[in-house]
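Descriptive analysis of the structure
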Amino acid sequence: MIKIQTSCKSIKNLIILHKIKNINKNAVVTSINSFSNSSRYFRQQYGLKALNLKSNNSLNKCTVELTKKFYSSNNNNNNSNNNNSNKQKKEDEIREEDTVENLSKELLQFDKLTTNKKDWPLNSEVIIYPSLSTHFIGAKGPVNLPNIFSDKMIPNSSGKTYIGLFLVKEQFRNATDPTLIKSADAVHHIGVLAQVSYSPLGYYMFEIQSRIRIKSISNNSYPFMAQIEPYLPNEVEDDPRIPELTKKIDELVKNFQKLYPDSYTLLKSSDFLKQIQSLKPSGYPTAIMNYYGLNYPDQCQLILETDSIVDRLDKMYQLLLKEEKLLSIQQNIYREIEEKKSKDQKKFFLNEQLKKIKSQLGVDQDEKEQIIQKYQNKLATLLVDETQRKIIQDEINKLSTIDPSSMEYNSSRNYLDWLTNLPWKKYSEEFFDLQHSKEVLDKDHFGLNDIKQRILEFISIGHLKGSVMGKIICFVGPPGTGKTSIAKSIATCLKREFYRFSVGGLFDEGEIKGHRRTYIGSMPGKLIQCMKLVQTSNPVILIDEIDKIGKRNLGDPSSALLEVLDPEQNCTFVDHYLDVPYDLSRVLFICTANSDQTIPGPLFDRMEVIYLSGYVEEEQIQIVRNFIVPKTLRECGITSEQLTISDDVIKQLVKFYSREVGIRELERLIEKIMRKSALMLVNGQKSVHIDLNNLEEFLGIPTYSSDRYYDVTPVGVVNGLAWSQRGGSTLYIETTAQQNNNSQNKTTKSKNSNGGNAPRLRTTGKLGDVMTESSSIAYTYAKNFLLMIQPENKFFEENSLHMHAPQGGISKDGPSAGVTMVTSLLSLAMNEPVLNNLGMTGEITITGKVYTIGGVKEKTIAAKRSGLTCIVIPSNNKFDFEELPQYIKNDIDIKYAKEYKDVFEIAFPNKKHLLQNII
Ligand SMILES: Nc1ncnc2c1ncn2[C@@H]1O[C@H](COP(=O)(O)OP(=O)(O)OP(=O)(O)O)[C@@H](O)[C@H]1O
């Protein structure tokens, strides 16, 4: 009778049909995933109780009941005004077998439709699941399905449920939750159909079945529904390129497995290659993609959408190549990180081991603690006052809070090293023994008696006073005259430590006062460095070349030096680095300079200046013979038996190999002789004797032949005496005449007094401003003087003159050449040479007064060296000359001049009668 299918399937289809027809065709979504679900749903919806769905009878019953309900509700909907009689009638009709049979046919037809497509949702409709990655056929995995999705999933005819996974377009992918996407247009229209099942573990699993394409959107409000169709482009599976590409991919895959056995694969099946080789070409790319789980949604989407298998394979191959490069980079980075990690671990491990060993050896105290303890111990022994102690203690406390690996820790340690290693209040015992001092000075230096005398006086005061505090000695003199070595001897006399530093060309104040600790690599200045080195607070400090101290924008070193030297300030000298006052008041400062002219004034004022003027030949010979030769022999390890130097050689050296007033050049020459002799001795020679015969083998030909250009000075040439930082020297003044063209024509001459033909004086020889002015004065004075003594002599009116100072390469300046210039001009004008072997020095005023000059000693020494026998100096300098030691004054005929006529009288003995003409 009843021909209705009684299978469970039929019931479900019936329910769906019911829904389709009665409720909303487009919203046929049931939560029935399985048969049991459908029965439950069925019972709840239609009130069918105690339905034994497993028995055919029950099912039949159920179907009939359902059919009845179906029609009744259908008719109710169509005709709401039906009365009870109508209702009864309808129900009777429903009971009719044919109606049921019709329904059964309909149901069967429906069932037929769907049974052909086992893995296809009913009505070809799916709920769109917006996915953030592309999936390929065969991929499986859990999926998070909110209820709103799971309730509306559409099953297939056998109750399996489906969703459509569609990749969200890139621009919408930022949404953290794909379910928040507002329109179905936000997803690509080609995607995959996934069967969803509910796992006993309580979550949904998906498995990709096939590629699908959205035909139309059936519900564009969330969650979106779409009509779908299979996406099966024509695929040619026997394309000859396929095997070639798959082979290449296989190789890549093998490589991947070898290089990255543990990473980047979703399915870690070892026989994966075998599996994929057995796949059909159409399934191959998807299998590979699934295997590697490559996380490039857009590129994978492109592959998914690609029609031909060859193209899909090719794209995938390219993607894998790219991935391989990326992986190798990642692998390298990973390896580096691992290596570093293992190094750090190793270091940590070793450190721990070291600590254990130390603790077992009983030296388990932390290194930092040890260091801090060391500073504490040192501080306890330091003779510092309370303020200094507090500063050091604070720094130690600070150090204990700093991490040893930080930069600050090192800088703090450095600072503490300085603070705790200074000789705070440690002094060498005061020693003022005159006898001892005299012995030391005489042992180290020849001559210099006046200097030695000054030093002994100085030491005597120290003896009486108990200290030499507040004294600054400054030695001024030409190079090589023993300033440094005398300072060293003073330290020996006083039995104090000696430290020397040069401030020549020093521009940075920081060199003296240190740099602040905030600078990287900062250090204390020279004074504090000295203290640390000598370890007493009262050494003798020699500040060399104080006249050459520089000044730039990096602070003013001379004012820093003033702070150091000034007894008022140096008891609380603050070095920038140390930042703690240090007492320098008991230091004996000795300075040296080549000239007192350039010593900064405020410094000069505080000094006790002692001048050294250089040595005459006899002194140099003595010094070389008695001091330099024995000293150099000692230094070279040669005995006096192995090397002898004759006195003649030393004289020759002094006369023709050196022209300095000091000893340094002679010392170098002796060293040169020693070096060459040492070579000969080492080569087997028993002994070396140096005399005038073999001297040139050692030193070459003499550098100077004679100090004098002229043995007899010609007309117009006069020997002047000059002084420079290098000592005294002789300076020729030469004048020649140049006859004027118009000399005969007085009228023209006077007319041209400002023009080119007027007689004039030209000077050359690199004369400085002062000497150029002197030459003008001399010219004027000489003209006037000649007019007085020889009015008839028109030489100056008729001749232009050229005055020259030889050695034009050397700059000359100074105020002592006036008399020499006048004499040179008059000698030319009178055509009378000056007295032979005469030298002169003195400034002249325009009225003929001869003025005081400096450097008498140096000039006298220079005159003697040049073989001059008579010198004229201003009479005001008489005292200076008479003060000179006798050995310098010997063999010199000294003449004093007050006015120029005194000079004239000496220079031109044959013309002294002319002086009578002066009224
Ligand atoms: N009177 C002397 N007796 C013995 N040796 C001397 C004497 N004068 C100088 N010397 C020696 O001459 C050499 C140079 O001397 P020193 O270095 O002291 O010169 P200085 O005046 O300091 O020169 P500078 O101005 O260039 O610094 C030293 O070896 C020193 O021993």
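The name given to the chain in an unreviewed UniProt entry is Lon protease homolog, and the organism recorded there is Tieghemostelium lacteum. What UniProt records for the chain under Catalytic activity (unreviewed entry) is the sentence "Hydrolysis of proteins in presence of ATP." Under the UniProt heading Subcellular location (unreviewed entry), the entry covering the chain gives this text: "Mitochondrion matrix".

A few words now on the overall build of the chain. Along the chain, the regular secondary structure elements total 33 helices and 25 strands. Here the chain holds 919 residues, and 34% of them are scored as buried. Partitioning the intrachain contacts of the chain with sequence separation of at least 6 by distance along the chain shows that 74% fall at a separation of at least 24.

Turning to the pairing of strand β7 (residues 225–230), a few remarks are in order. In terms of strand pairing, strand β1 (residues 125–131) meets β7 through three bridges, oriented antiparallel. Opposite Ile 127, over in β7, you have Met 225 as the bridge partner. Relative to β7, strand β6 (residues 204–219) runs antiparallel, the two being bridged by six bridges. Across the sheet, residue Arg 213 finds its bridge partner in β7, namely Glu 229. Linking β6 to β7, which pair antiparallel, is a turn of five residues.

This part is about the UniProt feature "active site" (unreviewed entry) in the chain. As annotated by UniProt and renumbered to match this structure, "active site" (unreviewed entry) occupies Ser 816 and Lys 859. The largest pairwise C-alpha distance within this set of annotated residues, which runs over 44 residues, is 10.9 Å, so the set is compact in three dimensions. Within the element layout of this structure, Ser 816 appears in the loop between β20 (799–804) and α29 (818–830). Judged by the 27 C-beta atoms lying within 10 Å of it, Ser 816 falls in the buried class. In contact with Ser 816, other than residues within four places in its own chain, are Ala 722, Thr 841, Gly 842, Glu 843 and Ile 853. For Lys 859, the position within the fold is in helix α30 (residues 856–865). Not counting chain neighbours up to four residues away, the residues in contact with Lys 859 comprise Leu 721, Trp 723, Gly 728 and Thr 841.

The next thing to look at is the packing of helix α27 (residues 769–789) against α29. Here α27 crosses α29 at 45°, and the two axes come no closer than 8 Å. In terms of orientation, α27 and α29 fall into the oblique class. The way α27 lies across α29 gives a crossing that is right-handed. Between α27 and α29, the contacting residues are Ser 774, Ser 775, Ile 777, Ala 778, Tyr 779, Tyr 781, Ala 782, Phe 785 and Leu 786 on the first element and Gly 818, Met 821, Val 822, Leu 825, Leu 826 and Ala 829 on the second. In the contact of α27 with α29, the residues fall into twelve nonpolar, three polar and no charged.

Taken together, 20 residues lie around the ligand, and Pro 479, Gly 482, Lys 483, Thr 484 and Ile 663 are the ones closest in. Among the elements of the structure, α17 (483–493), α22 (617–636) and α24 (664–682) are those that each provide at least two residues to the shell around the ligand. The dominant element in the shell around the ligand, judged by the number of residues it contributes, is α17, at three residues. Considering only residue class, the shell around the ligand consists of six nonpolar, ten polar and four charged.

Turning our attention to the sheet that holds strand β14 (residues 608–611). Reading across the sheet, the five strands line up as β9-β10-β13-β8-β14 and stay open at both edges, with parallel pairing between neighbours. Each edge of the open sheet carries a strand with a single partner, namely β9 (498–502) and β14. Across the sheet, the mean angle separating the axes of adjacent strands is 20° when strand polarity is ignored.

Procedures and definitions
Residues numbered from 1 in each chain as written. Predicted model: local features only at pLDDT ≥ 70, side-chain atom pairs only at ≥ 80, totals over all residues. UniProt positions renumbered as here; feature names shortened; annotations may be inferred. Helix = DSSP H or I, 4+ residues; strand = E, 2+ residues; numbered from the N terminus. Buried ≥ 20, exposed ≤ 12 C-beta atoms within 10 Å, placed from the backbone. Contact = placed C-beta atoms within 7 Å. Pairing = 2+ DSSP bridges. Axes fitted to C-alpha atoms, helices over the stretch in contact; angles between N-to-C directions. Parallel < 35°, antiparallel > 145°, perpendicular 65-115°, else oblique. Left-handed = near helix turned anticlockwise from the far one by under 90°. Nonpolar A, V, L, I, M, F, W, Y, C, P; charged D, E, K, R; others polar. Near = placed C-beta within 6 Å.

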